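# Per-entry structural report
For reference, the chains in residue letters:
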Amino acid sequence: KMELFDVYSLYPVEPVRGSGSYVYDAAGTEYLDLYGGHAVISIGHAHPHYVQMISEQAARLGFYSNSVENSLQHTLAERLGALSGYDDYRLFLCNSGAEANENALKLASFHTGRTKVLAFSKAFHGRTYATMAATGQERFQDGFAPIPDGFKTVPWGDRSEFEAAITPKTAAVLVEIVQGEGGIRPMHAEYAKGIEALCRKKGILFLVDEVQGGLFRTGKPWAFQHFDLKPDAISCAKALANGLPMGAMMTTDEVSKGFVAGSHATTFGGGALTSAVAAKVVQIMKRDHLDERAASLGGEFMESIRRISESHPGTIKEVRGLGLMIGIELAFPAKAVWEELIRRGFICNLSHEVVLRLLPALNIPEEDLRAFADTLEDILANIKK
Ligand code: PLP
């Protein structure tokens, strides 16, 4: 008997086709996709320019090797660099969010010569050993010893606890500006600035994990730009190639020094196809001002959910988010509501049993978000009765 690893809790739907913000099952049932395959579908399913780029590049050259020049990587580097705020910067292309974070952690250790890393409670940085260690939650680590040591988790939101955890061996802090898996929890500006300032003071690298929140989703190209921060390295992935596996780690020229031929590598990272597609995706995001769109649509949508919360007291505990990275925390376990939403044709994510997490394509039509809000209101009104 051949079976897949049973490591995912499956949604009660199997999309076989997608178009824009919609997916369809084999019977043709339409679902509005507010989940985006987990913040991956950034410019919509089967975007015509994306499809065209995939087919053209696959027909030209799908992949060769990082042992040869690849000008598509340079095009991507220019486009990502223009968004990053760095003057001189370096880009390393890889295959996933966890790998991008691993790269940033290796870089920090190499650059500082120090051996310890700080991360935050409720964070999520990936499932590889180092990123699992940085994800200081038992539910991700249990049973997987040996967990690499040198990682310490400090409470999210407490600057003095962070300061107290710093030692002369601290190489880096790894942080999500908006915790995604943690239930959509944006940092407060003052706290974010305080952490960055302490890093500067102590020579600690400030590594920002933009894997889920990055690339226009929060209403700016990068979430850290909301607070005018200057990360020493940025990791990103999910939205970058709109569904093709790709990760990236960006850093300053200065911090990258010492990484020479042989210091680090990957076989697939930045292949011709993924690089061409990612360069196209970033171009479309910028051309269509998807950051501004995410900011205004997300803001209005969150307001509409807050109004629902007021009209139906006791149903919604809190609405949190930035741009189109939104968490609606219900006042009770949300599974039945989440399932009913799917039954009525709306897919979102359910996290921590109480948070409906929305990570839609950044070009989702406004009326679709309204339809979701109306449907949610109807479900909540009926649940109350
Ligand atoms: N970092 C953050 C903030 C994430 O949300 C995720 C995935 O959900 C990761 C890292 C890991 O990314 P991947 O699953 O591509 O390894």
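This text goes with the structure placed above it.
Basis of the calculations
- Residues numbered from 1 in each chain as written.
- Predicted model: local features only at pLDDT ≥ 70, side-chain atom pairs only at ≥ 80, totals over all residues.
- Heavy atoms only, no water.
- Pairing = 2+ DSSP bridges.
- Helix = DSSP H or I, 4+ residues; strand = E, 2+ residues; numbered from the N terminus.
- Phe/Tyr/Trp six-rings, centres within 6.5 Å; stacked < 30°, edge-to-face > 60°.
- Buried < 20%, exposed > 50% of the residue type's maximum accessible area, 1.4 Å probe, protein only.
- Lys NZ or Arg CZ within 6 Å of the ring centre and 35° of its normal.
- Near = heavy atom within 4 Å.
- Polar contact = N/O pair within 3.5 Å; in protein donor to acceptor, adjacent residues only side chain to side chain.
- Areas by Shrake-Rupley, 256 points an atom, 1.4 Å probe, with all protein chains shown as cover.
- Nonpolar A, V, L, I, M, F, W, Y, C, P; charged D, E, K, R; others polar.
- Core = buried A, V, L, I, M, F, W, Y, C linked by side-chain atoms within 4.5 Å.
- Contact = heavy atoms within 4.5 Å.
- Axes fitted to C-alpha atoms, helices over the stretch in contact; angles between N-to-C directions.
- Parallel < 35°, antiparallel > 145°, perpendicular 65-115°, else oblique.
- Left-handed = near helix turned anticlockwise from the far one by under 90°.

### Considerations on the sheet that holds strand 2 (residues 22-24)
Strand pairing in a sheet is mediated by backbone hydrogen bonds. Such pairs are either parallel or antiparallel. The strand order across the open sheet formed by 4 strands is 1-2-3-15, and the pairing between neighbours is mixed. The two strands at the open ends of the sheet, each matched to only one other strand, are strand 1 (17-19) and strand 15 (346-347). Bridge count for strand 1 against strand 2 is 3 bridges, and the pairing is antiparallel. Bridge assignment links G18 to a residue of strand 2, and that residue is V23.

### Quick word on the packing of aromatic side chains
With the rule as written, the count across this model stands at 12 aromatic pairs. Plain terms: the ring middles of W156 and Y191 are 6.0 Å apart, the flat faces sit at 90 degrees to each other, and that makes the pair edge-to-face. Of this pair, W156 sits in the loop between strand 6 (151-154) and helix 7 (159-165) while Y191 sits in helix 8 (residues 189-202), placing them 35 residues apart in sequence. For Y191, a relative accessible area of 8% corresponds to the buried category. An aromatic cluster of at least three residues, connected via ring pairs, comprises F120, W156, F162 and Y191. The side chain of R17 reaches across the aromatic face of Y24, ending 4.1 Å from its centre.

### What about the site of the ligand?
The environment of the ligand is formed by 13 residues, the closest being G97, A98, D209, Q212 and K238. Between an oxygen atom of the ligand and a main-chain N or O atom of G97, the distance comes to 2.8 Å. Within the side chain of D209, a nitrogen or oxygen atom sits 2.7 Å from a nitrogen atom of the ligand. If the ligand stood free it would expose 400 Å²; the protein chains cover 83% of that surface. Per-element tally for the shell around the ligand: the top contributor is helix 4 (residues 97-112), with 3 residues. Here the residues of the shell around the ligand are counted per class, giving 3 nonpolar, 7 polar and 3 charged.

### What about the nonpolar core?
L80, F162, L215, L240, I328, L356 and F372 are the most contacted members of the largest nonpolar core, which has 90 residues in total. When residues of this core are assigned to their parent elements, the largest contribution, 9 residues, is made by helix 10 (residues 272-287). Not counting residues within four places of it along the chain, the set of residues in contact with F162 comprises L118, F120, V154, V173, I195, L198 and C199. One finds L107, A108, V117 and L207 within the second-largest nonpolar core, a separate group that totals 16 residues.

### Notes on the packing of helix 3 (residues 71-84) against helix 10
Between helix 3 and helix 10, whose axes approach to 8 Å, the crossing angle comes to 30 degrees. In this view, helix 3 runs roughly parallel relative to helix 10, as classed from their interaxial angle. Considering the relative orientation of helix 3 and helix 10, their crossing is left-handed. Judged by residue contacts, L72, Q73, T75, L76, R79, L80, A82 and L83 of helix 3 engage A272, S275, A276, A278, A279, K280, V282, Q283 and K286 from helix 10. A class-by-class count of the residues in the contact of helix 3 with helix 10 yields 10 nonpolar, 4 polar and 3 charged.

### Notes on the environment of C199
Along the chain, C199 falls in helix 8. Between the C-alpha atom of C199 and that of V281, which follows or precedes it by 82 residues, the distance is 33 Å. Contact partners of C199, with chain neighbours within four places excluded, come to F162, V173, I204, L205 and F206.

### Side note on the sheet that holds strand 17 (residues 355-358)
Overall, antiparallel pairing links the 4 strands, which are arranged 13-14-17-16 in an open sheet. Two strands lie at the open edges of the sheet, namely strand 13 (316-322) and strand 16 (349-351), each paired on one side alone. Pairwise comparison of adjacent strand axes, ignoring direction, gives a mean angle of 25 degrees for this sheet. Judged from the 6 bridges that link them, strand 13 and strand 14 (residues 325-330) form a sheet pairing that is antiparallel. Within strand 14, the position partnered with I316 by the bridge is L330. Contacts from helix 11 (residues 290-311) reach strand 13, strand 14 and strand 17, with the element oriented near 175 degrees to strand 13.

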